[in-house]
Amino acid sequence: MGSEEIQQKKVSVSQNLKDIFTNSSKLLKLTWKVDKKIASLFFLVSFLGALIPVSTSYLFTLLLDQIQLAQKTAVAVVPVIIVSILAIRAVAFALQDMLFFAYARTYLDHILRYKLQDKISNDFYKKIVTLDIAQLEDPDTQNLISRVKEMMLWKLPDYVRSLAYFFTDVVTYISAFIITIQFGWWVPLLVTLVTIPRLYIRVQYGNIEWSVWEGTAPQSRRLWYLAWVLHEKITIREMRIAQTAPKILGMFTELQKKLYDLNKKPLDDYMKALMIPPILESLILLLIAFLFIPDAVSGALSIGLFSLLISMLAQLNTNTAGVAWNMSSLYESNLYVNDYFKLLGLESEIKNSADARRLVGSRPPRVEFRHVSFAYPGGKNIINDVSFTIESGESVA
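Residues numbered from 1 in each chain as written. Predicted model: local features only at pLDDT ≥ 70, side-chain atom pairs only at ≥ 80, totals over all residues. Heavy atoms only, no water.

**Topic: a nonpolar patch on the surface**
No. 1: Nonpolar side chains collect at one region of the surface, where Trp185, Trp186, Leu189, Leu193, Ile196, Leu287, Phe290, Leu291, Ile293 and Val297 lie side by side and expose about 1,000 Å² of accessible area between them.
No. 2: Those elements giving two or more residues to the nonpolar patch turn out to be α6 (186–193) and α10 (276–298).
No. 3: Sort the elements by how many residues they give to the nonpolar patch and α10 lands first, with 5 residues.
No. 4: Tracing the backbone through its elements, the reader meets Leu287 in helix α10. (Patch = residues over 30% accessible without salt bridge, like charges linked within 9 Å, V, L, I, M, F, W, Y side chains within 5 Å. Areas by Shrake-Rupley, 256 points an atom, 1.4 Å probe, with all protein chains shown as cover. Salt bridge = Lys/Arg side-chain N within 4 Å of Asp/Glu carboxyl O. Helix = DSSP H or I, 4+ residues; strand = E, 2+ residues; numbered from the N terminus.)

**A look at the pattern of salt bridges**
No. 1: Enumeration over the complete set of coordinates arrives at 9 salt bridges.
No. 2: Across the pair Arg366 and Glu391 runs a salt bridge whose closest N-O atoms are separated by 3.2 Å. Of this pair, Arg366 sits in the loop between α11 (303–344) and β1 (367–375) while Glu391 sits in the segment after β2 (381–390), placing them 25 residues apart in sequence.
No. 3: We note a salt bridge from Arg370 to Glu368, for which the minimum N-O separation is 2.9 Å.
No. 4: Each of the salt bridges in this network shares a partner with another, and the network as a whole consists of Asp109, Arg113, Asp158 and Arg161.

**Side note on the side chain of Asp35**
No. 1: Position of Asp35 among the secondary structure elements: in the loop between α1 (3–34) and α2 (36–72).
No. 2: Residue class for Asp35 comes out buried when judged on its relative accessible area of 15%.
No. 3: Here Lys37 takes part through its backbone nitrogen, which lies 3.2 Å from a polar atom of the side chain of Asp35.
No. 4: Here the side chain of Asp35 touches Lys115 through a polar contact of 2.4 Å, side chain to side chain. (Buried < 20%, exposed > 50% of the residue type's maximum accessible area, 1.4 Å probe, protein only. Polar contact = N/O pair within 3.5 Å; in protein donor to acceptor, adjacent residues only side chain to side chain.)

**Here's the deal with the nonpolar core**
No. 1: Formed by 29 residues in total, the largest nonpolar core has its most connected members in Leu27, Phe124, Tyr340 and Leu343.
No. 2: Elements with a contribution of two residues or more to this core: α1, α2, α3 (78–128), α5 (139–180) and α11.
No. 3: Looking at which element gives the most residues to this core, the answer is α5, with 9 residues.
No. 4: Residues in contact with Leu27, not counting those within four places in the same chain, are Leu156, Tyr159, Val160, Val337 and Phe341.
No. 5: Within the second largest apolar cluster, 20 residues are counted, among which are Val187, Ile284, Leu308 and Leu313. (Core = buried A, V, L, I, M, F, W, Y, C linked by side-chain atoms within 4.5 Å. Contact = heavy atoms within 4.5 Å.)

**What to know about the packing of α6 against α11**
No. 1: At a closest axis distance of 9 Å, the pairing of α6 and α11 adopts a crossing angle of 35 degrees. Remark: the crossing between α6 and α11 carries right-handed chirality. Only Leu309, Leu313, Leu316, Asn317 and Thr320 of α11 make contact with α6, whose side of the interface consists of Val187, Pro188, Val191 and Thr192.
No. 2: In terms of residue class, the contact of α6 with α11 is built from 6 nonpolar, 3 polar and no charged. (Axes fitted to C-alpha atoms, helices over the stretch in contact; angles between N-to-C directions. Left-handed = near helix turned anticlockwise from the far one by under 90°. Nonpolar A, V, L, I, M, F, W, Y, C, P; charged D, E, K, R; others polar.)

**Quick word on the side chain of Glu281**
No. 1: Within the secondary structure, Glu281 sits in helix α10.
No. 2: Discounting residues that sit within four places of it in the chain, Glu281 has contacts with Val194, Thr195, Arg198 and Asn317.

**Considering the confidence of the model for the protein**
One rule of thumb: low pLDDT means the predicted coordinates there are not for detailed reading.
No. 1: When pLDDT is averaged along the protein, the result is 78, and 80% of the positions lie at 70 or above.
No. 2: Averaged pLDDT values for the elements of the protein fall to 66 in helix α7 (residues 196–229) and rise to 89 in α6.
No. 3: Predicted confidence is poor over residues 1–11, with pLDDT under 50, and the contacts of this stretch with residues over four places away or in other chains come to 2 contacts. (pLDDT = per-residue confidence, 0-100.)

Quick look at the structure:
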């Protein structure tokens, strides 16, 4: 790999990260605009849910230490403490199920998704009806519209969901990282570094998926066209008369298979590569736990603290993997989000005259065209020196 190619990849990664930040800001503003109350509750409950796993692990540490203490002493209050801690831990788990999974990730998530989909589709169609004819006939713009139309109603809401999950995993990860530092700064750092291969594979898969999708957009439009031909009354009559239905169905089936094969191959490669990171991560976690067993056996490390270490190692691994997964989901979805905002940002090529006036009146005015000519940019005249008059109330086709 040459230095020029390496530099290009660095620029690409840097630009993608910049785009993720920009698009995250845009979508958060859009989410806030759609429903401030639901958006606030969604992220607030996600934040509270992120703290529950760490707090319950800490409570369990207290429980184990109290049990260990109870074996050495006969204090009557110890059972009360143990029961209290168990009750608090049970309540914490109940809160996690009720607030985080039931309320945030089910109710609020779906409500916010429905409202976002309505807003996204409304903005999309408002933009489409304002595009110039030349833009609508441009192949690049047609492909852009096709990609946005097929993906916007699930990729954009998924981006907001991934952003919330990313936020949740980061909060839990930071909490677990801070707690685990007491066992040595290298412990949380090693657990974090070992998840880099997972993130790399996910990003690479996002690049491959996007390349396949971008390259197959014309075939997808052709597939939609064939589907339209196969269900419209007028085209069905024509196929019956010309007996072309078997030919059209064959083209439809062949195109379906081609798109399936193109999309399946990168997924197969991704699944093979994805088997490696979990094995590597498990081996590192087992090694760290093994290194602290002598301290736990000698009593230098209490059973509660050793349990906390194991819990935080698992939590760090889970949340670091979660951060990597959601970051790669943002990276992957960002490519589609870019297209959505790119489409909304298209400017009209036909500008209003600086001295244009709005016609005011109860009756339609008399409209006169004198020596009108028109051509698309770079093309020949399709209207040449046309003159005609439309009287008030007259319809001309």
